[in-house]
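Notes for the structure review
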Amino acid sequence: MIAVLDYGMGNIHSCLKAISLFTKDFSYTKEPSVLKQADAIILPGDGHFDKAMKNLNESGLRTFVDDHVKAEKPLFGICIGFQILFEDSDEVISGNNNTTVPGLGYVKGKIRKFKGKNYKVPHIGWNKLYKRNPSKSNLLKNLEDESFAYFIHSYRPVGVESSAITGFCDYYGEKFPAVVEKGNVFGTQFHPEKSYSFGLKILENFIQSL
């Protein structure tokens, strides 16, 4: 069973609809009993890094996610769910005096805002995804290199451990990791559920690997 985590982040309807194309054995939930039994957890949603981590920590859901990963069960983060897989972010919302916000820390790397000197921020729309270490990738299995994916974000990972990167994007000459796979931890910066057949195949690959 797949638990799609309800941790208060928005825009999950299209994600649930996409998952339903490949399995009926999933639940959008925050119930501890369901999370403990889950074979995999998906962290979906849009929003701020600061709010995502605050919601996880204050609700107690962080403990279940940590336990899930320690048990070597698959975890898949999408968009903001991807970003919180890393060590920290400088996306600090008003009222927080800290300069960075700690993340889950499952993947080495930090989330930093695009500098935007020669390009628009946020990065919104279709962009090519380039494969890296394709033989190591479960998510990008049987998918063509330089396929287009749909992005909407102002922050991206930097200083990421190279062995975890299986896909990257080039935004006006700046290459940033867009797919990570480290053991049982997976993530995409783009929205697979909004990336048509390419993105749907990524979700299918993840679900079929369980």
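The preceding data block contains the structure.
Fair warning: this is a prediction, and the values are worked out from it, not measured in the lab.

What to know about the overall build of the protein chain
- Each helix and strand counted, the protein chain has six helices and 13 strands in total.
- Taking 210 residues into account, the globule formula puts the C-alpha radius of gyration at 17 Å, and the protein chain, at 16 Å, falls close to it.
- Seen along its three principal axes, the alpha-carbon backbone of the protein chain occupies a region of about 50 × 45 × 30 Å.
- Taking the intrachain contacts of the protein chain between residues at least 6 apart in sequence as the baseline, contacts between residues at least 24 apart amount to 71%.
- For the protein chain, the exposed area adds up to about 9,700 Å²; of that, 48% sits on carbon and sulfur atoms.
- Averaging the locations of the 26 positively and 23 negatively charged side chains of the protein chain gives two centres separated by 3 Å.

Topic: the environment of Tyr-155
- Structurally, Tyr-155 is set in strand β10 (residues 155–158).
- A relative accessible area of 13% means that Tyr-155 is categorised as buried.
- What Tyr-155 contacts, discounting residues up to four positions off in sequence, is Gln-83, Ser-89, Asp-90, Glu-91, Ile-111, Arg-112, Lys-113, Phe-114 and Gln-189.

Quick look at the packing of aromatic side chains
- Scanning the model with the defined rule gives 15 aromatic pairs in all.
- Aromatic side chains Tyr-171 and Tyr-172 sit 5.1 Å apart centroid to centroid with 75° between the ring planes, which places their arrangement in the edge-to-face category.
- Taken together, the ring pairs in this structure connect Phe-114, Tyr-119, Phe-151, Tyr-171, Tyr-172, Phe-176, Phe-190 and Phe-198 into an aromatic cluster.

Focus on the sheet that holds strand β1 (residues 2–5)
- If you walk across this open sheet you meet the nine strands as β2-β1-β3-β4-β13-β12-β11-β8-β9, and the pairing is mixed. For this open sheet the edge positions go to β2 (26–29) and β9 (147–153), each flanked by a neighbour on one side alone. Geometrically, the sheet is characterised by an average inter-axis angle of 30° between neighbouring strands, direction not taken into account.
- The strands touched by helix α4 (residues 61–70) are β1, β3 (40–43), β4 (75–78) and β13 (185–188); relative to β4, the strand with the most contacts, the crossing angle is about 125°.

With respect to α4
- The complete set of buried residues in α4 reads Leu-61, Val-65, Asp-66, His-68 and Val-69. Seen along its axis, α4 keeps its buried residues to an arc of 160°; they face one direction.
- The inward-facing, buried residues of α4 abut β1, α2 (32–37), β3, α3 (49–59), β4 and β13.
- A positive backbone phi angle near 65° is found at Glu-72, which sits one or two residues after α4.

The rules behind these values
- Residues numbered from 1 in each chain as written.
- Predicted model: local features only at pLDDT ≥ 70, side-chain atom pairs only at ≥ 80, totals over all residues.
- Heavy atoms only, no water.
- Helix = DSSP H or I, 4+ residues; strand = E, 2+ residues; numbered from the N terminus.
- Rg over C-alpha atoms; globule rule 2.2 N^0.38 Å.
- Contact = heavy atoms within 4.5 Å.
- Areas by Shrake-Rupley, 256 points an atom, 1.4 Å probe, with all protein chains shown as cover.
- Lys, Arg positive; Asp, Glu negative; His and termini not counted.
- Charge placed at Lys NZ, Arg CZ, Asp CG, Glu CD.
- Buried < 20%, exposed > 50% of the residue type's maximum accessible area, 1.4 Å probe, protein only.
- Phe/Tyr/Trp six-rings, centres within 6.5 Å; stacked < 30°, edge-to-face > 60°.
- Pairing = 2+ DSSP bridges.
- Axes fitted to C-alpha atoms, helices over the stretch in contact; angles between N-to-C directions.
- Arc of directions from axis to C-beta.

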